[in-house]
Amino acid sequence: MNNTHQEITNNLYAFYDQVAQCKGIYAEKKELWSIIRNNPGTWPRIIYRIPGHLPQNETSPELFEKVRSGLYPEVLIATDDNIGQMDPFLRAGGFYPFLGWKGMAREYTPGLQAPELPENIGIVTLERPEDREQWVNIVSTELIAPTLFDLEMIEILRNRQGVEIYLLKHNEVGVATLLSYDSGDSTGLYMIATSKSSQRKGFGHLLVSQIVWQISQQSKKPIILHATPKGEGLYAKSGFLPYNQFFLYRFLNQSS
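Residues take numbers from 1 onward in each chain, read along the sequence in its written order. Local features in this predicted model are restricted to residues of pLDDT 70 or higher, and side-chain atom pairs are both shown and tallied only at a pLDDT of 80 or more, whereas totals for entire chains, interfaces and linings draw on every residue. Side-chain measures were taken over the full set of non-hydrogen atoms in the model, leaving aside hydrogen atoms and water.

Things to note about the packing of aromatic side chains
For any two aromatic rings, the description comes down to two numbers: the centre-to-centre distance and the angle of the planes. Pairing of aromatic rings covers Phe, Tyr and the six-membered ring of Trp, with a centre-to-centre limit of 6.5 Å; geometry is then stacked below 30 degrees between planes, edge-to-face above 60, and tilted otherwise. For the structure on display, the rule yields three aromatic pairs. Ring geometry for F15 and Y190: centres 4.3 Å apart, planes at 15°, overall stacked. Taken as a pair, F15 in helix α1 (residues 4–22) and Y190 in strand β8 (residues 187–194) lie far apart in primary sequence, 175 residues in all. Taken individually, F15 and Y190 each receive the classification buried, so the pair is uniform in this respect. Here a strand is any run of E in DSSP of at least two residues, a helix any run of H or I of at least four, and the numbering for each starts at the N terminus. Accessible area is worked out with a 1.4 Å probe on protein chains only. A residue is then buried under 20% of its type maximum, exposed over 50%, and partly exposed in between.

Below you can see the structure in the form of structure tokens.
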């Protein structure tokens, strides 16, 4: 792929478009901003897409006023293409950096070997209600920026084209989660989390490796993900290389 850097961003936005549509939320598209309405603390978290150039002055007052009034939630995302310009612009509007992710990708590897799964490990696709409940519980509590999921949302999302949802089970108990989304040009891995009691035991690495192998048997498209600093080393072991940086900004209501 000639533009892996851009595809990491494209897959992310395409995936959240799917999420928004599942919730009956449709983006408000403008020349410089695409806005997804949601409820703070629930999924999806992404609200604004910021292009690779500084927003025009005539656009920003309306945007920030909607955020200040509570019409839009408090979180937005920006890429590192223009973060030097964007950071002071966002701070001037009352936004402050909250979290950061590294955009990573791995290209197709011919002859990739399947990881060996121990006998007490199984990977399922949430056919059973109890598996869906375990998946929702792990993701809602163990992601670095936990957000609330509901079972209805998962039921709708798992039937969307291009979406697959996985739960790794150890001794029949769900311990690790992953969601993949095929945008047509790449496959993104999202919602990678491990239950607290099962962390640092290799379950996350095993799940990612297995799904990467499965995807590679069906497609030669790149596989992308967004890693926290803590998780970057884990994904590097699975062949992912860093490309770009994503920053999460939160609106600080200084009047409250």
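Quick word on the nonpolar core
By nonpolar core we mean a set of buried residues, namely Ala, Val, Leu, Ile, Met, Phe, Trp, Tyr and Cys, connected to one another through side-chain atoms within 4.5 Å. Judged by nonpolar contacts, the single largest core of 31 residues is most densely connected at F15, W135, L179, Y190 and M191. Within the residue set of this core, elements represented by two or more residues are α1, β4 (95–106), α4 (129–142), α5 (151–157), β6 (163–170), β7 (173–182), β8 and β10 (241–251). Broken down by element, this core gets its largest block of residues, seven residues, from α1. Membership of the second largest hydrophobic core comes to 21 residues, among which are V175, L189, L206 and I215.

A look at helix α3 (residues 83–92)
Along α3, the residues that are buried comprise I83, M86, D87, F89 and L90. Positive backbone phi, at 95°, marks G94, one or two positions downstream of α3.

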